[in-house]
Amino acid sequence: DITDPDAVKAEIAEFDASDERAEPGQPVSELIPGAFELQRAWSQASTPEMQLRGTLIRGLIPAAIRALLPSEGTLPFTPSVEGSDGRGRKARVPWVRVYSEAHSPRATNGWYVGLLFAADGSSAYLALMSGTFEFVDGFLKPRPLQWLTQRIAWAREVLVGSDTAGLTGTIQ
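Conventions adopted
Residues numbered from 1 in each chain as written. Predicted model: local features only at pLDDT ≥ 70, side-chain atom pairs only at ≥ 80, totals over all residues. Heavy atoms only, no water. Helix = DSSP H or I, 4+ residues; strand = E, 2+ residues; numbered from the N terminus. Buried < 20%, exposed > 50% of the residue type's maximum accessible area, 1.4 Å probe, protein only. Contact = heavy atoms within 4.5 Å. pLDDT = per-residue confidence, 0-100. Pairing = 2+ DSSP bridges. Axes fitted to C-alpha atoms, helices over the stretch in contact; angles between N-to-C directions. Patch = residues over 30% accessible without salt bridge, like charges linked within 9 Å, V, L, I, M, F, W, Y side chains within 5 Å. Areas by Shrake-Rupley, 256 points an atom, 1.4 Å probe, with all protein chains shown as cover. Salt bridge = Lys/Arg side-chain N within 4 Å of Asp/Glu carboxyl O. Core = buried A, V, L, I, M, F, W, Y, C linked by side-chain atoms within 4.5 Å.

(A) Quick look at the environment of Val96. Inspection of the secondary structure assignment puts Val96 in strand E2 (residues 95–100). Look at Val96 and you get buried, because its relative accessible area is 2%. Note: C-alpha distance between Val96 and Gly83 (13 residues apart in sequence) is 3.9 Å. Dropping the residues within four chain positions of it, Val96 is found in contact with Ile57, Ile61, Pro62, Ile65, Val81, Glu82, Gly83, Val113, Gly114, Leu115 and Phe117.

Okay, here's the thing in structure tokens:
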């Protein structure tokens, strides 16, 4: 039970973050509510709650998602999964993404499917995402608005024939 601090500590103790193929101890459906709860205790500092959130976002949830992915050879790429809760200071909106190393080596490049956790801990959004920043002279800079607008228009055009009923075009 993710709401039981002792169970969460035991889960973290069993997880080896260095093992890319680590087996999740709980299904993703049981881990996500824990991330919601920890979002409500957000701090940019590395508090115990944010350390626990980091273990969920960077380790346990990606491992649980990895276990749900189809077997190798089913998709036209080999999927990878990673999560981020910020570098240095803790991010207000942590995320987990499923991506292709070849097509999106970083979250700042390419297209990928992202699971974004609402800042207030109320929900999560599954989104088709694209990098919106780029490294220029060693600094992370936002891409031009025109570039982003064209990229979004292209993606919508590609998805025209897809069943997108019930999907939203914006995230609150």
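Back to the text.
(B) Representation of the confidence of the model for the protein. Of all residues in the protein, 84% attain a pLDDT of 70 or more, and the chain-wide mean is 85. In the model of the protein, helix H1 (residues 5–14) stands out as the element of lowest mean pLDDT, 59, in contrast to E2, which has the highest, 97.

(C) Expanded view of the sheet that holds E2. What the four strands build is an open sheet, ordered E1-E2-E3-E4; its pairing is antiparallel. Among the strands making up the open sheet, the edge pair consists of strand E1 (79–84) and strand E4 (124–130). The mean inter-strand angle of the sheet, taken between neighbouring strand axes irrespective of direction, is 20 degrees. Looking at chain direction, E2 and strand E3 (residues 111–117) are connected through four bridges and run antiparallel. If you follow Val98 over to E3, its bridge partner there is Val113. On top of the sheet, helix H2 (residues 28–39) reaches E3 and E4; it is set at about 60 degrees to E3, its chief contact.

(D) Representation of a nonpolar patch on the surface. Together, Val113, Leu126, Leu128, Trp154, Val158 and Leu159 make up an exposed nonpolar region whose accessible area comes to about 590 Å². Within the element layout of this structure, Val113 appears in strand E3.

(E) Structural view of the nonpolar core. Ile32, Ile61, Ile65, Val96 and Phe117 are the most contacted members of the largest nonpolar core, which totals 17 residues. For this core, the secondary-structure elements that each account for two or more residues are H2, helix H3 (48–68), E2 and E3. What Phe117 contacts, discounting residues up to four positions off in sequence, is Ile32, Ala35, Phe36, Gln39, Ile57, Ile61, Val93, Pro94, Trp95, Val96, Ser123 and Ala124. Counting residues in each nonpolar core, the second largest holds five residues, with Tyr99, Tyr112, Leu116 and Ala127 among its members.

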